[in-house]
Amino acid sequence: MNGNLPSHDEVIAFWFDELEPVHWFRKDAELDARIRHRFGALHAAAAAGELWQWRDTPRGRLAEILVLDQFSRNLYRDDPRAFAQDPMALALAQEAVALDIDREFEVPWRCFFYMPYMHSESLKVHDEALRLFDQPGLEENLRFERLHRDILLRFGRYPHRNAILGRASTADELAFLEQPGSSF
């Protein structure tokens, strides 16, 4: 791994200190470009499994999850690669939850251990996500988790990903996507 890559502390500082929470979940081309410039090579290393040493500390594990789950969406917006690291991010998050690593953090940070659950297209994973998000301070995240799960209950997948992933949409999915607020 290249020693010139940003550290896990730099990822944490960027996400939680440099950015405001309003930036975390909205489309922003300028932010996407900042992440691409600053963390693009780091993301490639994470995707190749080269950041395993970060998992030795809770902050390092959270940073790796952020890179794989959140940064992927910024780096590859409207591209299938936005979702390519979801399985790895979910596996790291599931392991962290099993080890109670998530409980070592304040609630605003803790929710990023749970976001890979929300991004999954598995109802079984979402059943666990409901439990994880159901805690004081995560009420808004729980509301969004329920919305995501409802979409999966209805369609078995996220229709707003269909075009990006080259999946054919059903007539019901197309009608749903015409509704305001149907896409995240």
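Anyway, here's the lowdown on the structure attached to this text.

Rules behind the numbers
- Residues numbered from 1 in each chain as written.
- Predicted model: local features only at pLDDT ≥ 70, side-chain atom pairs only at ≥ 80, totals over all residues.
- Heavy atoms only, no water.
- Phe/Tyr/Trp six-rings, centres within 6.5 Å; stacked < 30°, edge-to-face > 60°.
- Helix = DSSP H or I, 4+ residues; strand = E, 2+ residues; numbered from the N terminus.
- Buried < 20%, exposed > 50% of the residue type's maximum accessible area, 1.4 Å probe, protein only.
- Lys NZ or Arg CZ within 6 Å of the ring centre and 35° of its normal.
- Salt bridge = Lys/Arg side-chain N within 4 Å of Asp/Glu carboxyl O.
- Axes fitted to C-alpha atoms, helices over the stretch in contact; angles between N-to-C directions.
- Parallel < 35°, antiparallel > 145°, perpendicular 65-115°, else oblique.
- Left-handed = near helix turned anticlockwise from the far one by under 90°.
- Contact = heavy atoms within 4.5 Å.
- Nonpolar A, V, L, I, M, F, W, Y, C, P; charged D, E, K, R; others polar.

### Here's the deal with the packing of aromatic side chains
Line of reasoning, step 1. All told, the structure shown has 16 aromatic pairs when counted by the stated rule.
Line of reasoning, step 2. Ring plane angle 15° and centroid distance 4.2 Å describe the contact between F16 and W109, whose orientation is recorded as stacked. Of this pair, F16 sits in helix 1 (residues 8-18) while W109 is found in helix 6 (residues 107-119), placing the two residues 93 residues apart along the sequence.
Line of reasoning, step 3. Looking at W109, the relative accessible area reads 21%, which means it is partly exposed.
Line of reasoning, step 4. Ring pairing ties together the aromatic residues F14, W15, F16, W24, F25, F39, F71, F105, W109, F112 and F113, which thus form one cluster.
Line of reasoning, step 5. If you follow R143 out to its NZ or CZ, it ends over the ring of F144, 4.6 Å from the centre.

### A look at the pattern of salt bridges
Line of reasoning, step 1. Counted according to the given criterion, the structure contains 16 salt bridges.
Line of reasoning, step 2. Between R73 and D86 there is a salt bridge, with its nearest N and O atoms 2.9 Å apart. Of the two residues, R73 is situated in helix 4 (residues 58-75) and D86 in helix 5 (residues 86-98); the sequence distance between them amounts to 13 residues.
Line of reasoning, step 3. By relative accessible area, which is 14% here, R73 ends up buried.
Line of reasoning, step 4. What makes D86 buried here is its relative accessible area of 10%.
Line of reasoning, step 5. Here R143 makes a salt bridge to E140, at a shortest N to O gap of 2.7 Å. Remark: E140 and R143 occur in helix 8 (residues 139-155); sequence separation between them is three residues, near one turn of the helix.

### A few points about the packing of helix 5 against helix 6
Packed helices, taken two at a time, are described by the angle their axes make and the gap between the axes.
Line of reasoning, step 1. It is the contact of helix 5 with helix 6, at a shortest axis distance of 8 Å, that shows an interaxial angle of 130°. Taken together, the axes of helix 5 and helix 6 are oblique relative to one another. By crossing handedness, the relation of helix 5 to helix 6 is classed as left-handed. Here helix 5 contributes D86, A89, L90, A93, Q94, A96 and V97 to the contact with helix 6, which in turn contributes F113, Y114, P116, Y117 and H119.
Line of reasoning, step 2. Residue composition of the contact of helix 5 with helix 6, grouped by class: nine nonpolar, two polar and one charged.

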